[in-house]
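Next come the chains, spelled out residue by residue.
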There are 2 protein chains.
Amino acid sequence: LRIALLGLGLIGGSIGLAARDRAKARVSGYDPDPAALARALELGAIDEACADAATALGDAQIAIVAAPVKALPSAVESALALTSKECVVSDVGSTKAPLAALGLDTRFIGGHPLAGAESAGIEHARADLFEGATWYLTPAPGTPATALERLGALIEELGATPLTIDPLEHDRLMACVSHLPHVFANVLVSQALAAASPPSAVGPSFRDATRVAGANPLLWTDIYLSNRAALAAAIEESLQRLREVRDALASADHDALARWHQSAERDRNRLLDGAIDPGDANRSGGQTGPQQG
Amino acid sequence: LRIALLGLGLIGGSIGLAARDRAKARVSGYDPDPAALARALELGAIDEACADAATALGDAQIAIVAAPVKALPSAVESALALTSKECVVSDVGSTKAPLAALGLDTRFIGGHPLAGAESAGIEHARADLFEGATWYLTPAPGTPATALERLGALIEELGATPLTIDPLEHDRLMACVSHLPHVFANVLVSQALAAASPPSAVGPSFRDATRVAGANPLLWTDIYLSNRAALAAAIEESLQRLREVRDALASADHDALARWHQSAERDRNRLLDGAIDPGDANRSGGQTGPQQG
């Protein structure tokens, strides 16, 4: 199996390590940052470091563009132009609708692994990053079955579970389970700092709740923007939910608050019971019993 | 040192264990639940299990009421009535203004240790629960210095750092760094479940952000209510902050989003740099360098 990787940060580098180690693939790579490219070769994430994208793409059977969301449209279009009719092209961007809207060649299948991004860069790449993770794929109506199968098989070899989803549905879901938590974390830290000057004690629950606050600023501004309609809608819904809590507090409505809090307990259990948790090494298909916080 | 503990759950039990182990205190205890009382004796959290509060209070020099916030006003008043003029009475409730508003005897000093409460009950009590934790104290203008010193010395022996604070200021602060994160976590899980049916994959960041969702429903409904004015005000401020993000998204204002996200990064670092972290065993007075998420 010949794989081309365009972009060798945390995700691209980890795909390379896992593809070489687990799928016994031959991996050629390119990154506009010469230091990242050299380091990827040194760490064994790629078999060959190429001077440009065209060389890396060469005779690849699968090409994965692991670039920031902002760079994806032109990078993916370029990858499609530079590869043969036999090559499947994919990406790993956090939003999928913007690429789907371009109406690209059916050889392109959008992808998004739900894998850690707290520490960016090739230095943090690991062969087991995708172990147990969900990897969303957004095939188009015209996507050839063989292309989807080839990409899905690689993803399984990397240790992840491929899951097809509609691109708009993916972005709406990510707005709620990924982008909105980042927005909330940002609001919490800024509001807490404004309230406590000088900064005072915070407990472990605050630390957990705000772990992702301000993460990777350059990357995240573009992620928010690339999903701005769905995220704005999710915030709008949150505003309504928060107004309801505020009103229950204002009227000291014990029963309404108790029902609301209990439904959150039930919702959390249902959500985590049903979820495939990429962070839980002991998961068994995500269908196990109640999980502890 | 003779200590009386009224209420032997996670916090009361842990005070007992630490007071006996570290402060070599003699601890008498009472809990309305006979099973909790017996278990506290069995686990070594108390020297003697008493049949009622009056017996436990006996000739105590420090009495600590570790009951749910709703039960505190009457329990604290009762403890003041049943103890001598030499006994300092305190509590461990999550809000401090409601008790301060009662204008109690100056022997009462409100208290609140910032220590874990994810797993409630005497079974989870630990002698090191308060190690490195901030323990807020809310003395009144007339509080005798000797009383504050005696209580503060015990708290230090338990491993915590006593920090005096105005009761209203305490509750405003807790609204932002504790109660609001719980509200946000509840909103996140309920909104995510509504968006994803059947529940789909969630990543580790979502899990962290919602760890406290729906925690201890009976306890938390009363905590929200006991701090309802400050919490409603904090939610109001959050609504404004969220509307600003929504508007920046709606107008695709890259610069505003970038500034907002970068300020969250800076605020988180300032907040955690300056904070005493009860969850970090390696802290050194909370004045160390940047902390990792």
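Residues numbered from 1 in each chain as written. Chains lettered and ligands numbered in written order. Predicted model: local features only at pLDDT ≥ 70, side-chain atom pairs only at ≥ 80, totals over all residues. Heavy atoms only, no water.

### Considering the relation of the copies chain B and chain A
Here is step 1: Superposing chain B onto chain A requires a rotation of 180° together with a translation of 0.0 Å along the rotation axis, leaving an RMSD of 0.1 Å. Accordingly, the operation relating the two chain copies is best matched by a two-fold axis. Using C-alpha coordinates, one finds that chain B approaches the rotation axis most closely at A209(B), a distance of 2.1 Å.
Here is step 2: Taken together, the interface assignments show that 99% of the residues at the interface of chain B recur at the interface of chain A, consistent with an identical surface on both copies. (Least-squares fit on C-alpha atoms with pLDDT ≥ 70 in both. Contact = heavy atoms within 4.5 Å.)

### Some thoughts on the sheet that holds strand β4 (residues 62-65) of chain B
Sheet strands pair by backbone hydrogen bonding; their relative direction is either parallel or antiparallel.
Residues and elements named next belong to chain B.
Here is step 1: Pairing in this open sheet of eight strands is mixed, and the strands run β3-β2-β1-β4-β5-β6-β7-β8 from one edge to the other. A single partner strand is all that each edge strand has here, and the edge strands are β3 (48-49) and β8 (161-164).
Here is step 2: Across the sheet, helix α1 (residues 10-22) touches β1 (2-6), β2 (26-30), β4, β6 (108-113) and β7 (134-138), and the angle it forms with β1 is around 165°.
Here is step 3: Taken strand by strand, helix α4 (residues 72-81) contacts β1, β4, β5 (88-91) and β6, and its axis lies near 165° from that of β5. (Pairing = 2+ DSSP bridges. Helix = DSSP H or I, 4+ residues; strand = E, 2+ residues; numbered from the N terminus. Axes fitted to C-alpha atoms, helices over the stretch in contact; angles between N-to-C directions.)

### Structural notes on the pairing of strand β2 (residues 26-30) of chain A
Residue and element names in this part refer to chain A.
Here is step 1: Bridging between strand β1 (residues 2-6) and β2 involves five bridges; their strand directions are parallel. Bridge pairing in β2 places L5 opposite G29.
Here is step 2: Running through helix α1 (residues 10-22), the crossover from β1 to the neighbouring parallel element β2 is right-handed.
Here is step 3: The pairing of β2 with strand β3 (residues 48-49) spans two bridges and is parallel. Across the sheet, the residue bridging to S28 is E48, located in β3. (Right-handed = clockwise from strand over helix to strand, strands pointing away.)

### Some points on the sheet that holds β2(A)
Residue and element names in this part refer to chain A.
Here is step 1: Spatial strand order, β3-β2-β1-β4-β5-β6-β7-β8: eight strands in an open sheet with mixed pairing. At either margin of the open sheet sits one strand with a lone partner, and together these are β3 and β8 (161-164).
Here is step 2: Taken together, the four bridges between strand β7 (residues 134-138) and β8 define a ladder with parallel strand orientation. Its bridge partner lying in β8, T134 is registered against T161.

### Re the interface of chain B and chain A
Here is step 1: Between chain B and chain A, the contact holds 91 residues from the first and 90 residues from the second.
Here is step 2: Roughly 8500 Å² is buried in total at the junction of chain B and chain A, and carbon and sulfur atoms are behind 67% of that figure.
Here is step 3: The largest contributions to the chain B side of the interface with chain A come from Q191(B), R207(B) and H261(B), which together make up 9% of the buried area.
Here is step 4: At the boundary of chain B and chain A, one finds four salt bridges.
Here is step 5: Between the two partners, chain B and chain A, sit 23 residue pairs in polar contact (both at pLDDT 80 or more).
Here is step 6: Residue assignment for the side of chain B that touches chain A shows that the elements contributing at least two residues are β7, α7 (167-195), α8 (204-209), α9 (217-226), α10 (228-250) and α11 (254-274) of chain B.
Here is step 7: At 19 residues, α7(B) tops the list of elements feeding residues into the side of chain B that touches chain A.
Here is step 8: By residue class, the composition of the side of chain B that touches chain A is 51 nonpolar, 22 polar and 18 charged. (Buried area = accessible area lost by both parts, 1.4 Å probe. Salt bridge = Lys/Arg side-chain N within 4 Å of Asp/Glu carboxyl O. Polar contact = N/O pair within 3.5 Å; in protein donor to acceptor, adjacent residues only side chain to side chain. Nonpolar A, V, L, I, M, F, W, Y, C, P; charged D, E, K, R; others polar.)

### What about empty space enclosed by the protein?
Gaps left between atoms show up when a probe the size of a water molecule is rolled over them.
Here is step 1: Using the criterion set out here, one finds one cavity of 30 Å³ or more in the structure.
Here is step 2: What lines the largest cavity is P181(A), F184(A), A185(A), L188(A), A209(A), P181(B), F184(B), A185(B), L188(B) and A209(B).
Here is step 3: Listed by contribution, the elements that provide at least two residues to the lining of the largest cavity are α7 (167-195) of chain A together with α7 of chain B.
Here is step 4: Residue classes in the lining of the largest cavity are distributed as 10 nonpolar, no polar and no charged. (1 Å grid on protein atoms, 1.4 Å probe; cavity = no way out; pocket = protein on both sides within 12 Å on 5 of 7 lines; lining within 4 Å. Points joined across faces, edges and corners; volume = space filled by probe spheres on them.)

### Points about the confidence of the model for chain A
Residues and elements named next belong to chain A.
Here is step 1: Looking at chain A as a whole, the pLDDT averages 90, with 91% of positions reaching at least 70.
Here is step 2: When the criterion is pLDDT under 50, residues 276-293 qualifies, and its contacts beyond four places in sequence or with other chains add up to 37 contacts.
Here is step 3: Interface predicted TM-score (ipTM) for the complex: 0.85; the corresponding pTM is 0.85. (pLDDT = per-residue confidence, 0-100.)

### Digging into the nonpolar core
Here is step 1: Core analysis: the biggest nonpolar cluster contains 124 residues, and V76(A), V183(A), I235(A), V183(B) and I235(B) have the highest contact counts within it.
Here is step 2: In contact with I235(A), not counting residues within four places along its chain, are L180(A), V183(A), L242(B), V245(B), R246(B) and L249(B). (Core = buried A, V, L, I, M, F, W, Y, C linked by side-chain atoms within 4.5 Å. Buried < 20%, exposed > 50% of the residue type's maximum accessible area, 1.4 Å probe, protein only.)

### Some points on the packing of α7(A) against helix α9 (residues 217-226) of chain A
A pair of packed helices is captured by two measures, namely the crossing angle of their axes and the spacing between those axes.
Residue and element names in this part refer to chain A.
Here is step 1: The geometry of α7 relative to α9 is characterised by a closest axis approach of 11 Å and an angle of 125° between their N-to-C directions. Overall, the two elements α7 and α9 adopt an arrangement that is oblique. Between α7 and α9 lies a crossing whose hand is left-handed. For the pair α7 and α9, contact is made by S178, H179, H182, V183 and N186 and by W220, I223 and Y224, respectively.
Here is step 2: A breakdown of the residues in the contact of α7 with α9 according to their chemical character gives four nonpolar, four polar and no charged. (Parallel < 35°, antiparallel > 145°, perpendicular 65-115°, else oblique. Left-handed = near helix turned anticlockwise from the far one by under 90°.)

### Quick notes on α10(B)
All names here are of chain B.
Here is step 1: Under the 1.5 Å per step criterion, the end-to-end length of α10 is 32 Å for 23 residues, consistent within 8% with the ideal 33 Å.
Here is step 2: Along α10, the residues classified as buried are A230, L231, A232, A234, I235, S238, L239, L242, V245, R246, A248 and L249.
Here is step 3: A252 occupies a position one or two residues after α10 and carries a positive phi of about 50°. (Expected span 1.5 Å × (residues − 1).)

### What to know about the environment of E86(A)
Residues and elements named next belong to chain A.
Here is step 1: Assignment of secondary structure puts E86 in the loop between α4 (72-82) and β5 (88-91).
Here is step 2: Given the relative accessible area of 57%, E86 is considered exposed.
Here is step 3: Note: C-alpha distance between E86 and F108 (22 residues apart in sequence) is 11 Å.
Here is step 4: Residues contacting E86, with those up to four places away along its chain left out, are Q61 and R150.

### Section: the packing of aromatic side chains
Here is step 1: Inspection of the entire model under this criterion finds seven aromatic pairs over all chains.
Here is step 2: Their ring planes at 55° and their centres at 5.5 Å tell us that W220(A) and Y224(A) sit as a pair that is tilted. Taken together, the positions of W220(A) and Y224(A), both in helix α9 and four residues apart, correspond to about one turn of that helix. Grouping residues by exposure puts W220(A) and Y224(A) together as buried.
Here is step 3: Ring geometry for W260(A) and Y224(B): centres 5.7 Å apart, planes at 55°, overall tilted. One end of the pair, W260(A), is in helix α11 (residues 254-274); the other, Y224(B), is in helix α9, on a second chain. Exposure class is identical for W260(A) and Y224(B). Each is buried. (Phe/Tyr/Trp six-rings, centres within 6.5 Å; stacked < 30°, edge-to-face > 60°.)

### Digging into the side chain of R107(A)
Residues and elements named next belong to chain A.
Here is step 1: Mapped onto the fold, R107 is located in the loop between α5 (97-100) and β6 (108-113).
Here is step 2: Residue class for R107 comes out buried when judged on its relative accessible area of 9%.
Here is step 3: A distance of 2.9 Å separates a polar atom in the side chain of R107 from the backbone oxygen of S84.
Here is step 4: Looking at R107, its side chain comes within polar contact range of the main-chain oxygen of C87, at 2.9 Å.
Here is step 5: Residues in contact with R107, not counting those within four places in the same chain, are L80, T83, S84, K85, C87, V88 and V89.

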